[in-house]
Structure formats: structure tokens, C-alpha cells
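Take a look at the letters that make up each chain.
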Amino acid sequence: MHSLDAYMLGILIFDVFNGGFSGIDQLTQPKSVPVGMQASYKRLISANPKLRLSPSAFVEQGCRHGGFFDTPLIHFTDGIDNIGLKSDDEREQLLGQIESLSDDFPEAFFKMKVLRELIKSVEFGGGGPRVFSVIMTISGKLTDDEYERMLVPVLIRLFSSPDRALRVALLDNLPKMIDHIPQKLVSRDIFPQTVTGFSDAAPVVREQTVKAVLSSLAVL
């Protein structure tokens, strides 16, 4: 039976929107629960267990067109979860949303959710330079500790990538990252990979290497 799960979901919803739950008497006064959600919420906490809305039906109602889950943030979250499966045009549209919405959504959401999905896309899903450029944009929101913990290991791995387009993006952004990477890692991992670009067959890689190596030398 779904009645207990429904009731517990109702308590969770009350707690989330009202910042605390201290007793069941509170539940009949939704307070800050969004108006559009209140009818469904009240069915979750019905005094008659047989009349309670199942959690799955609650989600289904919310996901309908115009429902309480039909919001830009939720659509965006669904999109970012599947960024590796999107076509080039769909991915470009989503990346444009990231850049335009970065100031509208919670900073922690971009750090802990969006950034992680973009990193996976670059490393394993073929996201390429375009995704990497958005990663660099979001990285400006990171503290030094977050940068070192979340991005530095990824950057070191990416510098060994044979993808020339990604390599150029890395070299182009090296001045922005270099101060966030510990000197010993620059010397051991970044600089040796950077100088291989001097002998690359692609002129653009050689050109970007000349520009980027000056940034590397500055911290060695």
C-alpha cells in the first residue's frame, strides 16, 4: 500500500517548503507550499489512507504541462542529466541555457550538479571544447579548495588527451587555470604535456603552445 509513503512524502514536502516540521498538526496548514501544489499535497496527507494520492501519481500530476514540476529548473536538470545523449544542436541549446541561467539558479546547483555533469561529458561523452568553455565559465564560482578538488585532477587528465580541438581549448584557457593548480603538478603533469605541442603537426596547436608555455613558465 502506498498510503504510508504518501503521508511521509507529504511531511517531506511540508518540511522542505516551511523549513521545519514539529508535528502532524502543522500539515493541514500548508503555509509556504506552492499554491499550485497544495491540492495534490493535501491528498497526500488525507486523514483517510484510502484517499491518499500515491507518490507516483503526485509526480505524474506535477510533470504535466503547466504542473508544479513544469519549471525551467527541472527541465534544465533533466537536460543536463542526459547531455551525453543529446545531438550537437540539442547540446548547444542546453549550453546556451547554462550561460544565460547561471545567475538565476543557486550557485551550489551549478557547482555540485551542472559542473559534475559537464565534466563527465568532456571526459567520457565527447563534449569537446564547447562544453569545456562552459566548465571554465562555471569554474569562476569555485573556491580555491573546490577548484583543486573538483577540477585539477580532471584538467591533468585532459592534458593527455589526443583530441586536438580539446587540446587547443586547454592551451587557450591555461592562463585562467594556472594559478589554481599547485606548482608541483604544473611541473610534473602540465608542463611536460604542454611542450609536446611544439612538435604537433597542426599549426594551431603549435601556435597556442607558444602562447600557453609562457603561462606555465611563470609558475615553475
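So, how was this worked out
- Residues numbered from 1 in each chain as written.
- Predicted model: local features only at pLDDT ≥ 70, side-chain atom pairs only at ≥ 80, totals over all residues.
- Heavy atoms only, no water.
- Core = buried A, V, L, I, M, F, W, Y, C linked by side-chain atoms within 4.5 Å.
- Buried < 20%, exposed > 50% of the residue type's maximum accessible area, 1.4 Å probe, protein only.
- Helix = DSSP H or I, 4+ residues; strand = E, 2+ residues; numbered from the N terminus.
- Contact = heavy atoms within 4.5 Å.
- Polar contact = N/O pair within 3.5 Å; in protein donor to acceptor, adjacent residues only side chain to side chain.
- Phe/Tyr/Trp six-rings, centres within 6.5 Å; stacked < 30°, edge-to-face > 60°.

**Concerning the nonpolar core**
Among the nonpolar cores identified, the biggest contains 45 residues, and Ile98, Val114, Leu118, Phe132, Ile135 and Met177 are the most heavily contacted of them. Broken down by secondary-structure element, the contributors of at least two residues to this core are α4 (72-81), α5 (88-101), α6 (107-124), α7 (128-139), α8 (144-158), α9 (164-177), α10 (183-195) and α11 (203-219). The element that contributes the greatest number of residues to this core is α8, accounting for eight residues. If sequence neighbours within four positions are ignored, valine 114 has contacts with Phe76, Ile80, Ile98, Phe109 and Ile138. Judged by nonpolar contacts, the second largest core, of 14 residues, contains Tyr7, Phe14, Leu27 and Leu53.

**Section: the side chain of serine 161**
Among the secondary structure elements, serine 161 is positioned in the loop between α8 and α9. Within polar-contact distance, the side chain of serine 161 engages the backbone nitrogen of aspartate 163 at 3.1 Å. Residue contacts for serine 161: discarding those within four places in its chain leaves Leu166 and Arg167.

**Thoughts on the environment of alanine 201**
Inspection of the secondary structure puts alanine 201 in the loop between α10 and α11. Residues alanine 201 and serine 46, 155 residues apart in the sequence, show an inter-C-alpha distance of 70 Å. Not counting residues within four places of it along the chain, the set of residues in contact with alanine 201 comprises Arg164 and Arg206.

**Comments concerning the packing of aromatic side chains**
This model, assessed by the stated rule, comprises seven aromatic pairs. Measuring from ring centre to ring centre gives 4.8 Å for phenylalanine 68 and phenylalanine 69, while their planes differ by 75 degrees; the resulting arrangement is edge-to-face. Taking the relative accessible area as the measure of exposure, phenylalanine 68 reaches 16% and is therefore buried. Their ring planes at 55 degrees and their centres at 6.1 Å tell us that phenylalanine 76 and phenylalanine 109 sit as a pair that is tilted. Of this pair, phenylalanine 76 sits in helix α4 while phenylalanine 109 sits in helix α6, and the two are 33 residues apart along the sequence. Clustering of aromatic rings is evident, with ring pairs tying together Phe58, Phe68 and Phe69.

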